[in-house]
Each structure stands twice: as structure tokens, then as C-alpha cells.
Amino acid sequence: MLNLSQNGCSVWVASSTKGLLTPTAVALGKFDGVHLGHHRVIQPVLHGGNQLSVGASPQSNENEHTYSTVVTFHPHPQEFFTGQPRALLTPLDEKIEQLRSLGVEQLVLLPFDKELSALSPEDFVEKILVQRLQCQRVSVGQDFCFGKQRRGTAKDLQLLAANYQIPVTIVPLQTYADNAPVKDIPISTSLIRHSLESGDIKNANLLLGRPYTLVGVVVQGQQLGRTIGFPTANLQLPNDKFVPHKGVYAVRVSIVSETPDVHAPIQILGVMNIGDRPTVNGTCLSVEVHLFDWANDLYGKKLAVQLIEFLRSEQKFPDLEALKTQIQLDCTIAREILSAGC
Ligand SMILES: Cc1cc2nc3c(=O)[nH]c(=O)nc-3n(C[C@H](O)[C@H](O)[C@H](O)COP(=O)(O)O)c2cc1C
Ligand SMILES: Nc1ncnc2c1ncn2[C@@H]1O[C@H](COP(=O)(O)OP(=O)(O)O)[C@@H](O)[C@H]1O
């Protein structure tokens, strides 16, 4: 169990069996990416969010604090069923940070195991929502499924929860924004993953409602960067982080402070390369960023790198001089894009 605190606010992270803050108002789902569609589902359980038309549950005491809670599954159900690790848009730390910024007070990680996956929809409502979480109201997306073999639908949840006077909001799937090229397609984690896989970072960012971000600690590389005038901070990402299309990106970087800080961190502009570095016979994937107008040591620091625009694919250059010339050009283009306020 963790109690993470930043900027004076915290998200309480608990399992379904230990340390729960109750009673709860619950948004249920996987919420990988915490994208714009997820925001809509979470909003009704936030303080000051849309209170349900059905009103508060008769069991609730008006003076009692109801904790705005996101209930999700850990590990990702797909990982449990396939046995394959699943790369995530928001690994746990990032998900906590995103939920905190929305105003969520508690994240409950239901251990997704044989026992949980075998619960009937009826038992899920009674044992998890009612008994453990002392749930007062629920919000889910229209396509939510739950219980053994995903038999229960959002409508079933509404009917079952009504037996306990728990109102359930079913949130319609949010589609693309009006200014997007294709409309009426629901925003989804898989759509964002496809956009990132194909290098369409602008579309991914539009659907997320914020730039896709890589957060990692700076580790040592081959120390070649400084020899060509472009030192690069090499990032170690969480093992389960989803890595987008290989290539060069215009980015905004902030140094993540260890201590709580009320001020927003300063943003430094730069260029990032995600790739195998064929020019220097690289053998593994590296994720590295060159910061503009910066000359200080970054080893051991945690950086959050927002991907703003995809510039080009990685190439094998005949020598370091040719690579250097190309990186100079990348920097010029990135500065133009970033200073235009993208
Ligand atoms: C903006 C940028 C673009 C890059 N493009 C390529 C590329 O197209 N091909 C390549 O082999 N390496 C590319 N690299 C990676 C360099 O090979 C790498 O930064 C250099 O070898 C230094 O690595 P080091 O930090 O481990 O010393 C790029 C790096 C940056 C910062
Ligand atoms: N403008 C900059 N951008 C990125 N890193 C920088 C910059 N200036 C200094 N550094 C420091 O230099 C290191 C990168 O130098 P480099 O020669 O590429 O070594 P490495 O291969 O270990 O990354 C970074 O980790 C950071 O500590």
C-alpha cells in the first residue's frame, strides 16, 4: 500500500482487501492512458462532479466523506489471460499522477487473479462494491463488462446495484473532437496505441488530451554524444511502458522534483531519439534526449519528456559527421515547431 503525496495532494493506493478508505464513489475500469474518454467516466465521482440524477444512496450519511475512488484491475486482465506482459500507456506511477491531477482521492487495485476473474456479476457487486468498498455510487463507460467471462454489462451493473440503492452512471463513449479528421470513432486506448505505433503523435495527443509522455531516470550511455556536440540524456523507462514509433521527436522536458513543489516545473525544449542507433552499431533500444541551451549534469535525475511532433525515422548514416549534420537540422526544425507554440 502506498500513500503518494505531491503538491500537498495525495492519492491513496490500496488493494481490495487492505487499507481501504470508505465509503466510496467509484469509477470502474482499466483506464490505461487516462485519456479524454476516461476523464468523462471519472468526472461523476469527483467532488463537485455531476451528482447523479437518482441522488445519493439512502445508506449514505450526509456528514460522512465519500472518497472519490478509481477501481481498476492489476495486473491488466489481458496480461493475466495471455500470460504475456502488456506494455502500458500509463504504468502505475504515471496513472497515479494523472488521477491525482484530476482530483481522485483513492486508487484501488483489485488483484486480477483466478478468484476475481471467476466472480459472477452478482458476487462482484455484493462482495466487492457493497461489502468491501461500501460504495455509494458508481460510474462506468457504456462498453464496461465485468464478472466471469465478462458476462455482466453496464446495464446489468445498473440493475444489480439498484438492489442496494446504489445509483450507476453509464457514460456514453466519447468520440473524436470536432476538429479531428475523422469523427464518430470512440476514443480508446487501442486507438491511441495505433497512433503512437505509426508515429502519429499529434493524433495520440489529441485523444489523450495532453502530450504522450515518457518518464525515466537518466543513466549513462556510451558518452559519444558530447564528442559530436550533442550530449543526450539516456532514459531508463519502466519495463512496462509502451514505446512509440522509433525516430526523432520535438519534445518539451521537465525535471521531476523529488520534493513536493507548489510551482509547476520549468519546461526545457529539446529533441529526442527513440531507436537502435544503427550509425554507432547500437544493439539495443535507446531513448535519449538532447536539451536546448542546457549544459548541466543530469545523471540520476528523473525527466518527464512530452512528445510534441514526430520529425523523421531513424537512419543509418555513413559516419558521425553526417549524423551530426542531420541532428543540427533536427534541432533547427524542432526549435521552429516548439517556439510556434505546438
Ligand atoms: C536528435 C537526434 C537524432 C538522432 N538520430 C539518429 C539516427 O538517425 N541514427 C542513429 O544511428 N542515431 C541517431 N541518434 C542517436 C545518436 O547515435 C546518439 O545520440 C549518439 O550515438 C550518442 O549516444 P550516447 O548518448 O550513448 O553517447 C540521434 C540522436 C539525437 C539526439
Ligand atoms: N544539453 C544537454 N542535453 C542532454 N544532456 C546533457 C546536456 N548537457 C549536459 N548533459 C549531460 O551529459 C550527459 C550526456 O552526455 P553524453 O556524452 O551523451 O553521455 P551518455 O552517453 O552517458 O548519455 C547527460 O546525461 C547529462 O548528464
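Quantities reported herein were computed from a predicted structural model and do not represent experimental measurements.

(A) Focus on the overall build of the protein. The helix and strand tally for the protein stands at nine helices and 15 strands. Put simply, the protein has 342 residues, and 33% of those count as buried. Put simply, 72% of the contacts in the protein that link residues at least 6 apart link residues at least 24 apart.

(B) Layout of the packing of helix α5 (residues 121–132) against helix α6 (residues 154–162). Axis separation between α5 and α6 bottoms out at 10 Å; the angle between their running directions is 55°. In this view, α5 runs oblique relative to α6, as classed from their interaxial angle. Remark: the crossing between α5 and α6 carries right-handed chirality. Of the residues in α6, those in contact with P121, E122, V125 and L129 of α5 are D156, L157, L160 and A161.

(C) Focus on the domain arrangement of the protein. By domain assignment, the protein separates into domain 1 (2–171), domain 2 (178–210) and domain 3 (213–339). Contacts between the two partners involve seven residues from domain 1 and, on the opposite side, nine residues from domain 2. Taken together, the residues of the side of domain 1 that touches domain 2 break down into two nonpolar, four polar and one charged.

(D) Broad picture of the site of ligand 1. Inspection of the region around ligand 1 gives 24 residues, with G221, L224, G225, N273 and T279 positioned closest. With three residues, helix α9 (residues 320–339) is the largest single contributor of residues to the shell around ligand 1.

(E) Layout of the site of ligand 2. Neighbouring ligand 2 are 19 residues, the closest being G221, G225, R226, P231 and L298. Listing elements by their share of the shell around ligand 2, those giving two or more residues are β11 (233–236) and β14 (286–291).

(F) Quick look at the packing of helix α7 (residues 189–197) against helix α8 (residues 201–208). Where α7 meets α8, the closest approach of the two axes is 7 Å, and the angle between their N-to-C directions is 155°. Classed by the angle they form, the pair α7 and α8 counts as roughly antiparallel. Two packed elements cross with a definite hand, and for α7 against α8 that hand is left-handed. Of the residues in α8, those touching α7 at L191, I192, S195 and L196 are I201, N203, A204, L207 and L208. A class-by-class count of the residues in the contact of α7 with α8 yields seven nonpolar, two polar and no charged.

(G) Structural detail: the pairing of strand β12 (residues 247–256). Pairing geometry for β12 and strand β13 (residues 268–275), over seven bridges, is antiparallel. Note on β13: the bridge partner recorded for V248 is N273.

(H) Here's a closer look at the confidence of the model for the protein. Mean pLDDT over the protein stands at 89; residues scoring 70 or higher make up 88%. Between residues 1–9, whose pLDDT stays under 50, and residues either more than four places distant or in other chains, the model counts 20 contacts. In the predicted assembly, ipTM is 0.97 and pTM is 0.91.

(I) Representation of the nonpolar core within the structure. Counting residues in hydrophobic clusters, the biggest one holds 37 residues, and the most contacted among them are V26, V70, L129, V138, V140, L157 and A161. The contact partners of V138, leaving out residues within four places of it in the chain, are V26, L28, L129, L157, A161, I166 and V168. Residues I192, F242, V253 and L303 belong to the second largest nonpolar core, which totals 34 residues.

(J) A look at unusual backbone geometry. Of note, the bond from T22 into P23 is cis; its omega dihedral lies within 30 degrees of zero at -5°. Looking at the element boundaries, P23 is found in the loop between β2 (9–15) and β3 (24–28). At R150, a position not held by glycine, the phi torsion is positive, near 55°. A positive phi is found at R277, a non-glycine position, where the angle reads about 55°. By the element assignment, R277 lies in the loop between β13 and β14. Take R277: there are 19 C-beta atoms within 10 Å of it, and that puts it in the partly exposed class.

(K) Expanded view of the environment of D240. Looking at the secondary structure, you find D240 in the loop between β11 and β12. On the basis of neighbour counts, which here come to 15 C-beta atoms within 10 Å, the residue D240 falls in the partly exposed class. Residues D240 and P91 lie 149 residues apart in sequence; the distance between their C-alpha atoms is 6.4 Å. Each residue touching D240, except ones within four places of it in the same chain, is listed here: P85, A87, L88 and P91.

What counts as what
Residues numbered from 1 in each chain as written. Chains lettered and ligands numbered in written order. Predicted model: local features only at pLDDT ≥ 70, side-chain atom pairs only at ≥ 80, totals over all residues. Helix = DSSP H or I, 4+ residues; strand = E, 2+ residues; numbered from the N terminus. Buried ≥ 20, exposed ≤ 12 C-beta atoms within 10 Å, placed from the backbone. Contact = placed C-beta atoms within 7 Å. Axes fitted to C-alpha atoms, helices over the stretch in contact; angles between N-to-C directions. Parallel < 35°, antiparallel > 145°, perpendicular 65-115°, else oblique. Left-handed = near helix turned anticlockwise from the far one by under 90°. Domains from an automatic or database assignment. Nonpolar A, V, L, I, M, F, W, Y, C, P; charged D, E, K, R; others polar. Near = placed C-beta within 6 Å. Pairing = 2+ DSSP bridges. pLDDT = per-residue confidence, 0-100. Core = buried A, V, L, I, M, F, W, Y, C linked by C-beta atoms within 7 Å.

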